[in-house]
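# Structural overview
Chain by chain, the residues run as shown.
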Amino acid sequence: MPVFGVPVKRVEDRRLLVGDGEYVDDVRQAGALHVAVVRSVYAHARIGEVRTAAAAAMPGVVAVETARSLGPLNGPFPHPTWFPPAKALQDIIHPKLRPEVIRLLADDKVRYVGEPVAIVVATDPYLADDAARAVEVDYETLPVVVDPERAAEPGSPLLNDDWGDNLAAHFVVDKGDVEAAFERADRIVRQRIHLPRSTPTPIENRGVVAVPDRRSGGVTVWSASQQPHWLRDGLERVLGIPGDLIRVVAPDVGGGFGIKSMVYPEELIVPTVALRLDRTIRWTDTRSENFVAATHARDQIHDLEIALRADGTILGLRDRYFVDAGASNVECLVCPYNTAAHLPGAYRIPAMRLECLTVLTNKTPNAAARGAGRPEAVFAMEGILDAAADALELDRVELRRRNTLRADEMPYDQGIPYRDGVPEILDGGDYTACLDDAIAALDLGALRRPYEEGARPGRLFGVGAASYIEGTGVGPYESALIRIQPSGRVIVTVGPPSQGQSHETTFAQICAEELGVRLEDVRIVQGDTLALPWGGGTIASRTAVVVGNAIAAASRGLREKVLRAAADLLEVAPGDVRIEDGRVSVVGSPSVGMPLGQLAARVAPGIGRLNEAIGPGLDEYDGFQPPTVTYANGVHACAVEVDVETGSVEILKYVVVHDCGRLINPMVVEGQIMGGVTQGLGMALFEELVYDDDGQLLNGSLMDYGIPRATDMPPIEVHHRETPSDRNPLGIKGVGEAGAIPVPAAVISAVGAALRTVGAELRTVPVTPARVLDALDAASARTQPVEARA
Amino acid sequence: MAEVTIRVEVNGRDHEAVVEPRLLLVHFLRDVLGLTGTHIGCDTTSCGTCTITLDGRAVKSCTMFAVQVDGRSIRTIEGLATDGRLHPLQEAFHEEHGLQCGFCTPGMIMAALPFVESNAEPNDDEIRTAISGNLCRCTGYANIVRSISRAASTMHGPSYAGPTASALEPSARD
């Protein structure tokens, strides 16, 4: 019975539905102490004295720690998520890079509001909170810089005095002769595009529990993490004990979206102090802390220039863009270079020059979040296409159609390196069909009619579309250990944990299909560094591709072992044995055979007869190393109505046409897309983190920062196309981030098109009523239609 | 701070506890009674993941003190399935893929419970309004709306006489 490609219901649901999920804050440990964190209230200040005596004397307080009290334990350490890019990429773009460090607690100065300065450890979370308020910190405030362009200028306040400037990274990517392209252009269009700062906001905040292991001298750490193995590596350096003595477990995790792929100071402090006190210690993030101390997203400013022929054909593109990294560029070039790699997207662009300046400012560090530089790239590229269409007086969708790569051009070399340094060769998909299908699915005739017939006075109608490509399934490697138990159960152990991606279902589907066992007999073990010491994390739309193919490889190897062992026992040739529904039997004589569990018992060491040809037990460990990423693609299209009186935007219909290769489970894929679109709609309609000039976050709560509610959602249609990848045996491409990537671009294109019908212009998001009204006011267009109505 | 004795019925069981007046109800449920199915996602009563029912009404348990529930009756997600049989809401969330990470799910289900008990045929807009105080960042809500609609049909259907048996085993034959 095939299970690959089938929308089977989820294996992981039951415990989560009855309240038996175990998220990190649910991990119960007797005698645990609780941590409260004292955070900086200033965006930039020298730290003077930190007075802790009053706090230390309060009820229940066991310890108060500062950078000074921790001494050398405090660091600075090399930042655990700052990895320089592949050497092959560095050899091409020769980036200027500044290595980042991490401190457990701020030492000489604070660089953003929310930075940890001290911690209180107490017997009860309420008492820890009480005492944290009694810690007094002397601050000498310093000039603050919140604007990345200003931060890049000489004379700006410096985040790191020893750097001499705030430039965390700089690189240029060139393709073709861009000067010549601009010289022969019929039209050159320039546009500034800003995708503002937002935050991924998983409903579960962060959290850490650390239990010292007296027997080994090590520590067990539970963390709400997408990257338990990177945290283990970071702790190895910070704690100075071998990594095998540090067990990091990501239990059930309540959403990640990138925010839990960092290694945070809190994740290093809690185990450090647990070992120092020899006590179990726990810390749970509050939402208020999460807003200022967990990483933010987006926040790029692009100055784009595009060279065009009169018919709209793109000849060349220049882009100089700022990435506002906040107070620490914690992931090096992940977002900055992802943006460059994805800027050309689904389009044919003969010549390009892309220059990136990644700059530090006195704001919360900004890093990867669902899409990681790709929504920014798409927003910039589609934004300049909108501006170009307007300048040429061409339909916005038609301009895209003329420049979109055709299926007969695949595979297509974009002429720049991907982040792994491998040439960016798009490996298939019918991009123009995606665009045409998306527009057709909108059924514009019916949607547009009321506006054409004057039935919606004071309301403007607009259509927008945006395409994307996404390099998915980045390596370097994943592995899987599969063991068939004498009970017949099959245990598959992998590294990266799930934060809602349905690993326990989709990974089991792959194993069941490849091995020939029943889905309900497969158990997935994940996110535990002791169970499998290697894992690259659940990030970058990679686990289905890389872990999935590792499971397929190990399943296929194990299948061969099973066939040989069964052939030996049944005294037939391996080619005469079949495996189906967890049973081996002789081809043509289905009654001659045995359940896999029985076979496992027969060849288990110490119990059965060891088959020297296959070794002890029915186990297999194998892995998958992708040659490079595989490119998923898609087009989102929407139709909107803008109310000129209130400035409100309603999305009438939203269509997704996407291609992520072979689908493991269509139900899960659609769920991932729908969730991504919803996060994208948040960026498009509501979400923007606003800082004042002093570096204070003005809307750091869920009362002030609006994420989409059930009542905010438009009708969304999802259409799958399946172009198998030829870069992995299963033919799959990643999908976790795709849904979010083109949404802000599609929505602003539609809203901008609607506003353009009355001469107004809007090119940024979120398209709040205030912003729409400002655009209408600027065009002096607001009163006319309203009066016309009256 | 003077401690207070409270008596409260939770999921059909009577509990007596001595609590600080400032102890939030959600912390009482999680840390005193060990009912960790009720989650905490914010500190402004915005996300709804801590929703329980109090005397049959959906309430955000982070916005009440434990002392306020003295003498009252509470139901949490742990009290929904009976004798290993899932409640129709739980079953419907499974059938309609109404959850991904599962963190908002207990609150979402408890917010929906009084609503579906009193609405036989809710339309999608009514369902969306009913759960508009509960945030989900994974699903985009469409499957949650379908789940609640399905549960309402089941619970007000002719053959429903309490929680049903559920085969939660994944099946390739779906």
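Residues numbered from 1 in each chain as written. Chains lettered and ligands numbered in written order. Predicted model: local features only at pLDDT ≥ 70, side-chain atom pairs only at ≥ 80, totals over all residues.

A few words on the overall build of chain A. Across its full length, chain A carries 22 helices and 31 strands. Its C-alpha atoms give chain A a radius of gyration of 28 Å, within 12% of the compact-globule value 28 Å for 790 residues. Taking the principal axes of its C-alpha atoms as reference, chain A extends roughly 85 × 75 × 55 Å. Out of the 790 residues in chain A, the part that is buried amounts to 60%. Summarising the internal contacts of chain A: among those between residues at least 6 apart in sequence, 80% fall at separations of at least 24. (Helix = DSSP H or I, 4+ residues; strand = E, 2+ residues; numbered from the N terminus. Rg over C-alpha atoms; globule rule 2.2 N^0.38 Å. Buried ≥ 20, exposed ≤ 12 C-beta atoms within 10 Å, placed from the backbone. Contact = placed C-beta atoms within 7 Å.)

This paragraph deals with the overall build of chain B. Each helix and strand in chain B was counted, giving 5 helices and 5 strands. Written out in order from the N terminus, the α and β elements of chain B read β-β-α-β-β-β-α-α-α-α. Against the 2.2 N^0.38 benchmark of 16 Å for 174 residues, chain B shows a C-alpha radius of gyration of 16 Å, consistent with a compact globule. Seen along its three principal axes, the alpha-carbon backbone of chain B occupies a region of about 60 × 30 × 30 Å. With 174 residues in all, chain B has 55% of them scored as buried. Put simply, of all contacts in chain B between residues at least 6 apart along the chain, 62% involve residues at least 24 apart.

What follows deals with the pairing of strand β1 (residues 4-10) of chain B. All names here are of chain B. Looking at chain direction, β1 and strand β2 (residues 13-19) are connected through 7 bridges and run antiparallel. Across the sheet, isoleucine 6 pairs through a bridge with alanine 17, a residue of β2. The hairpin formed by β1 and β2 contains 2 residues between the paired strands, and asparagine 11 there has a positive phi angle of roughly 50°. Bridging between β1 and strand β5 (residues 73-75) involves 2 bridges; their strand directions are parallel. Residue pairing in the sheet places glutamate 9 in a bridge with serine 73 of β5. (Pairing = 2+ DSSP bridges.)

Residues and elements named next belong to chain A. Among the nonpolar cores identified, the biggest contains 318 residues, and Val120, Cys511, Ile551, Val747 and Val751 are the most heavily contacted of them. It is helix α17 (residues 543-570) that contributes the most residues to this core, 14 residues altogether. Not counting chain neighbours up to four residues away, the residues in contact with valine 120 comprise Ala36, Ala55, Val61, Val64, Ala128, Ala131, Ala132 and Val135. (Core = buried A, V, L, I, M, F, W, Y, C linked by C-beta atoms within 7 Å.)

Residues and elements named next belong to chain A. The step from methionine 410 to proline 411 runs through a cis peptide bond, and the omega angle for that step is -10°. In this fold, proline 411 is placed in the loop between α13 (396-403) and β19 (412-417). For the bond from glycine 475 to proline 476, the omega torsion is 5°, close enough to zero to count as cis. Mapped onto the secondary structure, proline 476 falls in the loop between β21 (459-472) and β22 (478-484). Of note in this structure, aspartate 299 is not a glycine but carries a positive phi near 65°. A positive phi angle is found at alanine 540, which is not glycine, with a value near 55°. In this structure, alanine 540 sits in the loop between β24 (522-525) and α17. Judged by the 27 C-beta atoms lying within 10 Å of it, alanine 540 is buried.

Turning to the environment of valine 747 of chain A, a few remarks are in order. Residue and element names in this part refer to chain A. Counting through the fold element by element, valine 747 comes out in helix α20 (residues 743-756). Sequence spacing of valine 747 and alanine 466 is 281 residues, and the spatial spacing of their C-alpha atoms is 8.6 Å. Aside from chain neighbours lying at most four places away, what touches valine 747 is Gly464, Cys638, Ile651, Ala684, Val765 and Val767.

For the rest of this paragraph, the subject is α20 of chain A. Relative to the 20 Å expected for 14 residues at 1.5 Å per residue, α20 of chain A spans 20 Å between its end C-alpha atoms, a close match to the ideal helical length. Burial of α20 of chain A is extensive: 13 of the 14 residues sit out of reach of the surface. (Expected span 1.5 Å × (residues − 1).)

Residues and elements named next belong to chain A. In the contact formed by helix α12 (residues 374-392) and α20, the axes pass within 9 Å of each other and the chain directions differ by 25°. The orientation of α12 relative to α20 falls into the category roughly parallel. The two elements α12 and α20 meet at a crossing, and its hand is right-handed. Residues Pro375, Val378, Phe379, Glu382, Gly383, Asp386 and Asp390 of α12 pack against Pro744, Ala745, Ser749, Gly752 and Arg756 of α20. In terms of residue class, the contact of α12 with α20 is made up of 5 nonpolar, 3 polar and 4 charged. (Axes fitted to C-alpha atoms, helices over the stretch in contact; angles between N-to-C directions. Parallel < 35°, antiparallel > 145°, perpendicular 65-115°, else oblique. Left-handed = near helix turned anticlockwise from the far one by under 90°. Nonpolar A, V, L, I, M, F, W, Y, C, P; charged D, E, K, R; others polar.)

Time to look at the sheet that holds strand β15 (residues 281-284) of chain A. Residues and elements named next belong to chain A. Taken in spatial order, the 7 strands line up as β3-β8-β1-β15-β12-β13-β14 in an open sheet, and their pairing is mixed. For this open sheet the edge positions go to β3 (61-66) and β14 (246-249), each flanked by a neighbour on one side alone. Put simply, the sheet's adjacent strands are angled 20° from each other on average, direction ignored. In this sheet, β15 lies alongside strand β1 (residues 33-39) in parallel orientation, the contact comprising 2 bridges. Paired with histidine 34 across the bridge in β15 is arginine 282. Along the sheet, helix α8 (residues 228-239) contacts β13 (218-223) and β14; its crossing angle with β14, the most-contacted strand, is approximately 150°.

Take the sheet that holds β1 of chain B next. Residues and elements named next belong to chain B. Read across the sheet, 5 strands follow the order β2-β1-β5-β3-β4 without closing on themselves; strand pairing throughout is mixed. One side of each edge strand has no neighbouring strand; the edge strands of this open sheet are β2 and β4 (57-60). For this sheet the average axis-to-axis angle between neighbouring strands, irrespective of direction, equals 40°. Examined bridge by bridge, strand β3 (residues 51-54) and β5 share 2 bridges and lie antiparallel to one another. Counterpart to threonine 53 in the pairing with β5 is arginine 75. Contacting β3 and β4, helix α3 (residues 105-118) crosses the sheet at an angle of about 35° to β3.

What follows covers the interface of chain B and chain A. On the chain A side, the residues contacting the 50 residues of chain B number 51 residues. Only α2 (88-95), α3, α4 (124-130) and α5 (142-155) of chain B provide two or more residues apiece to the side of chain B that touches chain A. Class assignment of the residues belonging to the side of chain B that touches chain A gives a composition of 22 nonpolar, 20 polar and 8 charged.

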